[in-house]
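Here is what each chain is made of, one letter per residue.
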Amino acid sequence: DFLSRIGTDGVKSTLNFPQAWTGESSGIFNSTNPSTDDISGVTKFAKYSASGTFDVLGSGPVQPGYEFKAAGAFGHKYRQPLSPQEFPRRLETMRTELDSAREFLNDDSTETTRLLELIANSNYAMVDWHIDVKSGYRWNPDDWWLNQQIGNVPGADIKVPWEISRAHDLVSLAIFSNLDKSTGSAATLSLRLLDWIVANPARKGVNWRSTMEVAIRATNWIWALAISEVAIPTSPSLLWIVARSLEQHANFIEQYPDAGGPGASNHYIADMAGLAHIAAALPSHQNAPKWAETAAEGLAEQAELAIQDDGFSYEGSTGYHRFVTELMTHGTLATLRFPGSWPAAQLLNQPQHWQRICKMFEAAENLQKPN
């Protein structure tokens, strides 16, 4: 079915999207690697990610694996043990998915063989994607996304599993793979993506509860794969599975966007930035021009409505202003990757649009303290 929507001629571009994203770059740091101090944060969180460790929203370093026990939050501690078969069953599904894609694509790459060997040897740190690592509360991964409750369980914070599933750590892992190609960072990145896709079927579970989370996750996936590809080739079968999931992400964003128009929040801007990234990454998809148009028009609208004349975001929050500046900038840059034949290709590449973004940076700079 996916093949019918990208066309036989689109298979190559679909499997090539990470390489196309970064072009002919031979390294993300050019000829000189940054100093250890400059990338200490990237190194820290890349090593955390490689071991299945997360440090989110004040949790401290935790490993949400099979025997994980949360410390508790706000006087509440939950113990909802995973089934002993959960991780073995998921590993087997990961193998099946990868094998199926390999057979479909006639993929004989060493990268795919390597991933299958790692799965067979259980040489991968599994992640419990549905747990609040602070309180220990776990949302049911089989429940429909709209049935996932927010704020009704004392001490449980739905933003904790959301934060882990945003995949910020995978970008750090990808950057680190360009510094040390011998660490297996690229393979861990691929397995983490496969793990997430298997554990979070489309429109089920806590990690589909918010459209903004769907959009941010898709954006980070695309960047992580693009950055990692500069250092080490990615399994074609893994890319095929990720591309299918990105289609599901785009369909979700298109169907359930947060409210736009006057008074729209940063959520809607994130939705549009994510949709722009997916359209640019999968240009051969039959719906990509429509996704691109929706995203570009949404970003153009919010550039007029959400950015005041002084360059500050109308929400009036310093933190959210910086967040919206980043979303608007990356979303706009993604639209510049659209094929020139698309109506949306040049919609945002206008002087007045860039001037508004420049004002946002100026406002952020003026708000900074000397330290």
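Since we're looking at a predicted model, the values are computed, not measured.

## Observations concerning the overall build of the protein chain
Logical step 1: Helix and strand content of the protein chain: 15 helices and zero strands.
Logical step 2: Relative to the 2.2 N^0.38 estimate, which gives 21 Å for 371 residues, the radius of gyration of the protein chain is 20 Å and therefore close to what a compact globule would have.
Logical step 3: For the C-alpha atoms alone, the extent of the protein chain along its principal axes is close to 55 × 55 × 45 Å.
Logical step 4: By the burial criterion, 51% of the 371 residues in the protein chain qualify as buried.
Logical step 5: For the protein chain, restricting intrachain contacts to residue pairs at least 6 apart in sequence, the fraction spanning at least 24 positions comes to 77%.
Logical step 6: Surface accessibility of the protein chain: about 16900 Å² in total, with carbon and sulfur atoms responsible for 49%.
Logical step 7: For the protein chain, the distance from the average position of its 29 positive side-chain charges to the average position of its 41 negative side-chain charges is 6 Å.

## Remarks on the pattern of salt bridges
Logical step 1: Enumeration over the complete set of coordinates arrives at 14 salt bridges.
Logical step 2: Between Arg90 and Glu86 there is a salt bridge whose closest N-O contact spans 3.3 Å. Remark: Glu86 and Arg90 occur in helix H5 (residues 86–105); sequence separation between them is four residues, near one turn of the helix.
Logical step 3: By relative accessible area, which is 23% here, Glu86 ends up partly exposed.

## Examining the nonpolar core
Logical step 1: Counting residues in hydrophobic clusters, the biggest one holds 103 residues, and the most contacted among them are Met94, Trp221, Leu246, Ile278 and Phe338.
Logical step 2: Broken down by element, this core gets its largest block of residues, eleven residues, from helix H10 (residues 211–231).
Logical step 3: Among all residues touching Phe338, those that are not within four sequence positions of it are Ala276, Ala279, Ala280, Ala292, Ala344 and Ala345.
Logical step 4: Counting seven residues, the second largest nonpolar core, distinct from the first, contains Tyr137, Ala156, Ile158 and Trp162.

## Considerations on the packing of H10 against helix H11 (residues 236–255)
Logical step 1: Orientation of H10 relative to H11, taken along the N-to-C sense of each, is 150 degrees, at an axis distance of 10 Å. It follows from the interaxial angle that H10 and H11 lie roughly antiparallel. Helix-helix and strand crossings are classified by hand; for H10 and H11 the assignment is left-handed. Counting all contacts with H10, which are made through Thr211, Val214, Ala215, Arg217, Ala218, Trp221, Ile222 and Leu225, the residues of H11 involved are Leu238, Leu239, Val242, Ser245, Leu246, His249, Phe252 and Ile253.
Logical step 2: Among the residues making up the contact of H10 with H11, the classes are represented as twelve nonpolar, three polar and one charged.

## Topic: the packing of H5 against H11
Logical step 1: Between H5 and H11, whose axes approach to 8 Å, the crossing angle comes to 105 degrees. For the element pair H5 / H11, the angle class is roughly perpendicular. Between H5, through Glu97, Leu98, Ala101, Arg102, Phe104 and Leu105, and H11, the contact on the second element is made entirely by Pro236, Ser237, Leu238, Trp240, Ile241 and Arg244.
Logical step 2: Looking at the contact of H5 with H11 residue by residue, the class counts come to eight nonpolar, one polar and three charged.

## A short note on the side chain of Asp169
Logical step 1: Summarising the element assignment, Asp169 is placed in helix H8 (residues 168–177).
Logical step 2: Every residue in contact with Asp169, bar those within four places of it in the chain, is listed here: Phe45, Ser49, Phe54, Ile164 and Arg192.

## Quick notes on the packing of aromatic side chains
Logical step 1: Tallying each qualifying case throughout the model produces 14 aromatic pairs.
Logical step 2: Seen from their ring centres, Phe2 and Trp240 are 5.1 Å apart, and the 70 degrees between their planes marks the pair as edge-to-face. One end of the pair, Phe2, is in helix H1 (residues 2–6); the other, Trp240, is in helix H11, and 238 residues separate them in sequence. Summarising the burial analysis for this pair, Phe2 and Trp240 share the class buried.
Logical step 3: Judged by centre distance (5.0 Å) and plane angle (55 degrees), the rings of Phe252 and Tyr256 are tilted.
Logical step 4: Among the aromatic residues, those joined into a cluster by ring pairs are Trp145, Trp196, Trp208, Trp221, Phe252 and Tyr256.
Logical step 5: Across from the ring centre of Trp208, 5.2 Å away, lies the NZ or CZ of Arg217, which sits over that ring.
Logical step 6: We note Arg337 situated over the ring of Trp21; from NZ or CZ to the ring centre the distance is 4.0 Å.

## Structural notes on H5
Logical step 1: Its 20 residues give H5 an end-to-end C-alpha distance of 29 Å, which sits within 8% of 28 Å, the value for a rise of 1.5 Å per residue.
Logical step 2: Along H5, the positions that sit buried rather than exposed are Phe87, Arg90, Leu91, Met94, Leu98, Ala101 and Leu105. Across the axial projection of H5, the buried residues extend over an arc of 105 degrees, all falling on one side.
Logical step 3: As for H5, its buried residues are in contact with helix H2 (11–15), helix H6 (110–120), helix H9 (185–199) and H11.
Logical step 4: Where H5 terminates, the next one or two residues include Asn106, which has phi positive at roughly 55 degrees.

Here is what the cut-offs are and how they apply
- Residues numbered from 1 in each chain as written.
- Predicted model: local features only at pLDDT ≥ 70, side-chain atom pairs only at ≥ 80, totals over all residues.
- Heavy atoms only, no water.
- Helix = DSSP H or I, 4+ residues; strand = E, 2+ residues; numbered from the N terminus.
- Rg over C-alpha atoms; globule rule 2.2 N^0.38 Å.
- Buried < 20%, exposed > 50% of the residue type's maximum accessible area, 1.4 Å probe, protein only.
- Contact = heavy atoms within 4.5 Å.
- Areas by Shrake-Rupley, 256 points an atom, 1.4 Å probe, with all protein chains shown as cover.
- Lys, Arg positive; Asp, Glu negative; His and termini not counted.
- Charge placed at Lys NZ, Arg CZ, Asp CG, Glu CD.
- Salt bridge = Lys/Arg side-chain N within 4 Å of Asp/Glu carboxyl O.
- Core = buried A, V, L, I, M, F, W, Y, C linked by side-chain atoms within 4.5 Å.
- Axes fitted to C-alpha atoms, helices over the stretch in contact; angles between N-to-C directions.
- Parallel < 35°, antiparallel > 145°, perpendicular 65-115°, else oblique.
- Left-handed = near helix turned anticlockwise from the far one by under 90°.
- Nonpolar A, V, L, I, M, F, W, Y, C, P; charged D, E, K, R; others polar.
- Phe/Tyr/Trp six-rings, centres within 6.5 Å; stacked < 30°, edge-to-face > 60°.
- Lys NZ or Arg CZ within 6 Å of the ring centre and 35° of its normal.
- Expected span 1.5 Å × (residues − 1).
- Arc of directions from axis to C-beta.

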